[in-house]
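# Chain and residue survey
One-letter residues, chain by chain:
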Amino acid sequence: MKLRSALILSALSFGLMAAAEAHPNDHYRPEGRSLGERIDHGYRTGRLTPHEARRLDADRVALHRERERFWRDDGRLDWREREALRRDHRELSRDIWRQSHDRDCRDHDRWDRRGYR
């Protein structure tokens, strides 16, 4: 009986330690891909110019720094901070989509208007 109780107690404590170490927003990816992956993919495929990719990546880094600053201030995110981060995340996500789907592309001189070589 004591051995069984000790095993259950150790399993519960291990689970609690693992849950405490995980950051609450570490796996938050509303679009399926992270913003950085989407920027990298757009640049690799030629849909983003180098200037667009640098600007979008700088915005992504600024969003990350803002999140870290909110956490550093008091160790938690209140509802206003979460909403500000969500709004900035959605805005950056829209910017990535717009820049990836505009008529600028890295090799624009290689393609004619219909998209053929």
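So, here is what we can say about the structure in this document. (Residues numbered from 1 in each chain as written. Predicted model: local features only at pLDDT ≥ 70, side-chain atom pairs only at ≥ 80, totals over all residues. Heavy atoms only, no water.)

## Here's the deal with the pattern of salt bridges
Applicable threshold: Salt bridge, as used here, is a side-chain nitrogen of Lys or Arg placed within 4 Å of a carboxyl oxygen of Asp or Glu. Secondary structure elements follow DSSP: runs of H or I of four or more residues count as helices, runs of E of two or more count as strands, with numbering from the N terminus. Burial classes follow relative accessibility: with a 1.4 Å probe on protein chains only, a residue under 20% of its type's maximum area counts as buried, one over 50% as exposed, and anything between as partly exposed.
Inspection of every chain in the model, using the stated rule, returns five salt bridges. With a closest N to O distance of 2.9 Å, Arg86 and Glu83 form a salt bridge. Remark: Glu83 and Arg86 occur in helix H4 (residues 79-101); sequence separation between them is three residues, near one turn of the helix. Taking the relative accessible area as the measure of exposure, Arg86 reaches 36% and is therefore partly exposed. You can call Glu83 partly exposed: its relative accessible area is 36%. The partner of Arg98 in a salt bridge is Asp95, and the shortest N-O contact between them spans 3.4 Å.

## Structural notes on the packing of helix H2 (residues 35-45) against helix H3 (residues 50-74)
What counts here: Axis definition: a line fitted to C-alpha atoms, limited for helices to the stretch in contact. Angles are taken between N-to-C directions and run from 0 to 180 degrees. Roughly parallel here means an angle under 35 degrees, roughly antiparallel means over 145, roughly perpendicular means 65 to 115, and every remaining angle is called oblique. Residue contacts are counted whenever heavy atoms from the two residues lie within 4.5 Å of one another. In this count, Pro and Cys sit with the nonpolar residues alongside Ala, Val, Leu, Ile, Met, Phe, Trp and Tyr, while Asp, Glu, Lys and Arg are called charged and the others, Gly among them, polar.
Between H2 and H3, the shortest axis-to-axis distance is 10 Å and the interhelical angle comes to 175°. As judged from the angle between their axes, H2 and H3 are roughly antiparallel. Side by side, H2 and H3 meet where Leu35, Gly36, Ile39 and Tyr43 of the first sit next to Pro50, Ala53, Leu56, Asp57, Arg60 and Leu63 of the second. Residues belonging to the contact of H2 with H3 are distributed by class as follows: seven nonpolar, one polar and two charged.

## Remarks on the side chain of Glu81
Our working rule: Positive charges are assigned to Lys and Arg, negative charges to Asp and Glu, while His and the chain termini are left out of the count.
Mapped onto the elements, Glu81 comes out in helix H4. Buried and unpaired, Glu81 has no salt bridge, with Arg76 as the nearest side chain of opposite charge at 6.3 Å.

## Some thoughts on H2
Operational definition: By definition, the arc is the one covered by directions from the helix axis to the C-beta atoms.
Taken together, the buried positions of H2 are occupied by Leu35, Gly36, Arg38, Ile39 and Gly42. The buried side chains of H2 occupy one side of the element, clustering within an arc of 165° when seen end-on. Residues of H2 that are buried make contact with H3 and H4. One or two positions beyond H2, positive phi appears at Gly46, with a value near 90°.

## Focus on the nonpolar core
To keep it simple, the criterion reads: Grouping buried Ala, Val, Leu, Ile, Met, Phe, Trp, Tyr and Cys residues that are joined through side-chain atoms within 4.5 Å yields what is termed a nonpolar core.
Counting 11 residues, the largest nonpolar core consists of Leu35, Ile39, Leu48, Ala53, Leu56, Leu63, Phe70, Leu77, Leu85, Leu92 and Ile96. Broken down by secondary-structure element, the contributors of at least two residues to this core are H2, H3 and H4. Top contributing element to this core by residue count: H3, with four residues.

## Thoughts on the environment of Glu66
Mapped onto the elements of the fold, Glu66 is located in helix H3. Residue classification places Glu66 among the buried positions, given a relative accessible area of 18%. When near neighbours in sequence (up to four residues on either side) are disregarded, Glu66 contacts Leu85 and Asp88.

## A closer look at the packing of H3 against H4
Contact geometry of H3 with H4 gives a least axis separation of 11 Å together with a crossing angle of 170°. Classed by the angle they form, the pair H3 and H4 counts as roughly antiparallel. Mapping the contact onto sequence places Glu52, Arg55, Leu56, Asp59, Arg60, Leu63, Glu66, Arg67 and Phe70 in H3 and Glu81, Leu85, Asp88, His89, Leu92, Asp95, Ile96 and Gln99 in H4. Looking at the contact of H3 with H4 residue by residue, the classes come out as six nonpolar, two polar and nine charged.

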